[in-house]
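Read off the chains here:
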Amino acid sequence: MKKYIFMVAVCILYAQVSAQNNGHTLSGEVLSTDRTPLPGATIFLENLHRGMVTDATGKFFLKSIPKGKYEAVVRFTGYKTQYITISVPSAKPISILLQEDDLVLNNVIVKGQSLTSAAIPESALTEKEIEITRGESLGESLAQLTGVSTLKTGSGVAKPVVHGLSGNRIVILNNDVKLEGQQWGTEHAPEIDPFIAKKIKVVKGAAAVKYGSEALGGVVIVEPPDLPTGAGLNSEINLIGMSNGRSFTGDVQLEGGFSTINGLGWRIQGSSKNAGDTHTPDYNLTNSGVKELNYSIGLGLKKPAYGIELYHSHFDTEVGILKITGLTGSLEDLRKVLESERPPIIEDFSYDIGNPRQQATHDLFKINGFFLTEFGRFNIQYGLQLNKRKEFDIRIGSLSDIPSMNLEITTHSLDLEWVHNPFGLLDGSIGLNGAYQDNINIPGTQRSNFIPNFNNYSTGIYLIEGIEKSFWELEAGVRYDTKFSDIRGWNLNESFYYDNFHFTNFTATLNTIYHIGKQDRIIVNVGSSWRPPNMAELYSFGKHQSAAGLEYGLLWFWDREAPPPANIYIRKFDQVAIENEQGFKWLNTYEHHGKKLNVDFSAYLHRINNYIFIRPEGVTKRPEGALPYFWYRQTDALFLGIDADTRYPLFSFLNWNVKLNYLWAKDVRNNDYLPFIPANQVETGFEFQQNQWGKIRDVYARFSAAYTARQKRAPRVISPEVITEAGEQDKNLFAEDPSNFDFLAAPLAYTLVNLDAGITVPTGKSNALQFRLGIRNLFNVSYRNYTNRLRYYADDEGRNFIVSLKFNISTFKN
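What counts as what
Residues numbered from 1 in each chain as written. Predicted model: local features only at pLDDT ≥ 70, side-chain atom pairs only at ≥ 80, totals over all residues. Heavy atoms only, no water. Pairing = 2+ DSSP bridges. Helix = DSSP H or I, 4+ residues; strand = E, 2+ residues; numbered from the N terminus. pLDDT = per-residue confidence, 0-100. Contact = heavy atoms within 4.5 Å. Phe/Tyr/Trp six-rings, centres within 6.5 Å; stacked < 30°, edge-to-face > 60°. Buried < 20%, exposed > 50% of the residue type's maximum accessible area, 1.4 Å probe, protein only. Lys NZ or Arg CZ within 6 Å of the ring centre and 35° of its normal.

**Comments concerning the sheet that holds strand E12 (residues 177-178)**
Piece 1. Reading across the sheet, the five strands line up as E8-E13-E14-E11-E12 and stay open at both edges, with mixed pairing between neighbours. Whereas interior strands pair on both sides, the edge strands pair on one side only; in this sheet they are strand E8 (122-125) and E12.
Piece 2. Pairing of strand E11 (residues 170-174) with E12, which is carried by two bridges, proceeds in the antiparallel orientation. Across the sheet, the residue bridging to Leu 173 is Lys 178, located in E12.

**Things to note about the confidence of the model for the chain**
Piece 1. Averaged over every residue, the pLDDT of the chain is 85; residues scoring 70 or more account for 90%.
Piece 2. Long-range and interchain partners of residues 1-22, a stretch whose pLDDT sits below 50, account for three contacts in this model, where long-range means more than four residues apart.
Piece 3. In this model, residues 102-117 is a region of pLDDT below 50 whose contacts with residues beyond four sequence positions or in other chains number 59 contacts.

**Looking at unusual backbone geometry**
Piece 1. The peptide bond linking Val 88 to Pro 89 adopts the cis configuration, its omega dihedral lying at 5°.
Piece 2. In this structure, Pro 356 follows Asn 355 across a cis peptide bond, with omega equal to 0°.
Piece 3. Mapped onto the elements of the fold, Pro 356 is located in the loop between helix H5 (331-339) and strand E20 (357-373).
Piece 4. Of note in this structure, Asn 287 is not a glycine but carries a positive phi near 70°.
Piece 5. In this fold, Asn 287 is placed in the loop between strand E17 (264-275) and strand E18 (290-302).
Piece 6. A positive phi angle is found at Asp 698, which is not glycine, with a value near 50°.

**Overview of the pairing of strand E5 (residues 68-75)**
Piece 1. Sheet topology places strand E2 (residues 42-45) next to E5; four bridges connect them, and they run antiparallel. Bridging from a neighbouring strand, Leu 45 pairs with Ala 72 of E5.
Piece 2. Two elements, E5 and strand E6 (residues 82-88), share seven bridges in a ladder whose sense is antiparallel. When the sheet's bridge partners are listed, Val 74 is paired in E6 with Gln 82.

**Remarks on the packing of aromatic side chains**
Piece 1. A full pass over the atoms with the stated rule returns 29 aromatic pairs.
Piece 2. Relative to Phe 613, the ring of Tyr 611 has its centre 6.2 Å away and its plane inclined at 15°; by these criteria the two rings are stacked. This pair shows no difference in class: Tyr 611 is buried, exactly as Phe 613 is.
Piece 3. Aromatic rings pair up to connect Phe 541, Tyr 552, Trp 556, Trp 558, Tyr 629 and Trp 631 into one cluster.
Piece 4. The ring of Phe 349 has Arg 246 sitting right over it, with the charged end atom 3.9 Å from the ring centre.
Piece 5. Residue placement shows Arg 377 over the ring face of Phe 370; its charged tip is 3.9 Å from the ring centre.

And the structure:
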């Protein structure tokens, strides 16, 4: 049998060589629309299953091509894929022009990284949508996308939720660097300035092969614009004012290039925000102000065959937390506060931020580069992140000026990647990631540490390969990760504990896309991903300001029969059955992009074994007052959902849009409901667009109405009063029924109406002045969002008028 196989192989090889010897040479170049060479672009001849990559000058050569016509696919990162017909022989070298892909984001493009297959589902904010959300946080901006909601804790504090998952299950890339810091709290918003972004995208599939563990829910990619490579100067000024909170936000950006050094560019950017107390339709939210002061600096040299870039960003914020903590002296007081329709303290508007409050800074330093060889493109990147977090509580006397939590975490990361040239039908990359973290508690807080000191060491290696045909694409990836942790902390009785453990696992994905004509395609994404528990889920102990409650990690044990402080202590990791979260996700997407109707429809199933969640456990009396407490638990969870986005032009200037987010979640191990799962939502709206209206251009107006349903799949309700009475009678409410519960019922459904309008006034050949007016919650509706843990005490924000001005001056040549 082997003999016959060998003979067939020899015959095929001989026929191939003979054909090549009698063929022709195909040559040409791939350029951008401004005639800039594009080194590393790929040209694939469908009929022959042969491809090539352009050299450092953007040129390509392919020998021994038989005479005939061939369908070719031309691709380059950041540009639209082009399908062309090439005739061989050709009288002269051919030139192929590619157009930048700024708005139609069918591919996941990571600047400085390899091209990821279009088979991975993702959605993105266009530049106009980013402009509309200027002045809002990153989490609030992303809420415009289908399948994405927001986990809010007060004014300006918002985290993205993708398909029901948030926090450490969402990887956020800031200029290609995975954001690392103290991001385990619900009130710990991503420490990224949205003004740096030109593109913001969300990868919803099982994308953990590329980005490592923890990407169970998805990946948020924040991309700044490329640095200039030509001579010139560009300046941009953004000014935004908001009525709710009487906030003012300003941003200035300067960038330029040098005529003496082609390819060398720089950018300087800085922003500031000052917001006072926000308000609901009926009352002021005391101590809900936000202050920010951020900047970023970039310098890079980009040549056809190599490039290097230096980047530094600094994020500095101070956030006020609604005044609730310390006001519930007795269990009866706590009951009254939870049952009240208003928070216990309502004061006049103020820009002052008092306790409880947070101060957080995040510094990122990055150097990355690439170079092209005959074997492909090599990328290397080093990142250094320093995150400092201080939290101040309401304390007695001089203790108010001492942080109750003072943490510093330093992260070093190194990423290596080889994007190889096409090998037959295969096109892909091999990568290696490594990271080291050092977290320390700064002494002097005079309070038990919320999380211990720790060191993390993690490495990962991945392989991604894809095959592409004219009507379908297939991509497969596999990754192996390992993470080691060393822990050092103190029990309540001042006894020292030390522990170390490690996690390892594989990640695998399979993604395919099938084109049905030119207007329709089906995307299927299946994958297995995992996530180790983070330090807060294991060790958290103490009061969390966002919920005015206590939190306990998985390793804490409460011996109710022992006297304090020995009754609560940390167990060794190997004494508790704690496992990795292991997710299996199946995501199916249908897309229709016709001349009029555009439809994106996705359905997904996500099973997560050993799912870690925090749930209410009871109420307790502390020296600072009565407080609810929450405990981390593990179970098996199932998430089923549908995302839909439909756009239809009623007229050439008017579009109608409908979006749907449907999510069904369940604790399958205990046949129960999970707490804090986003409610279902449907949104509809109309958008008026006119590219030119006399001398005014980019005229738009948008009306939207978003209906958020009541979360009917919420756990049972046990009020603090019932818990208190049971405690007084020495009765265990959970002995016979340990199912999940909540202190209050899920809030009622509500509808929010928003308006946006804007125009651009040219003030010169390359200069423009842009005006925008927005109104959030037009009808000033009183509501509470189910995922906002401050819903126990207060309504969400009321009507908000937004006025923004953007001025741009450029001397770059078009």
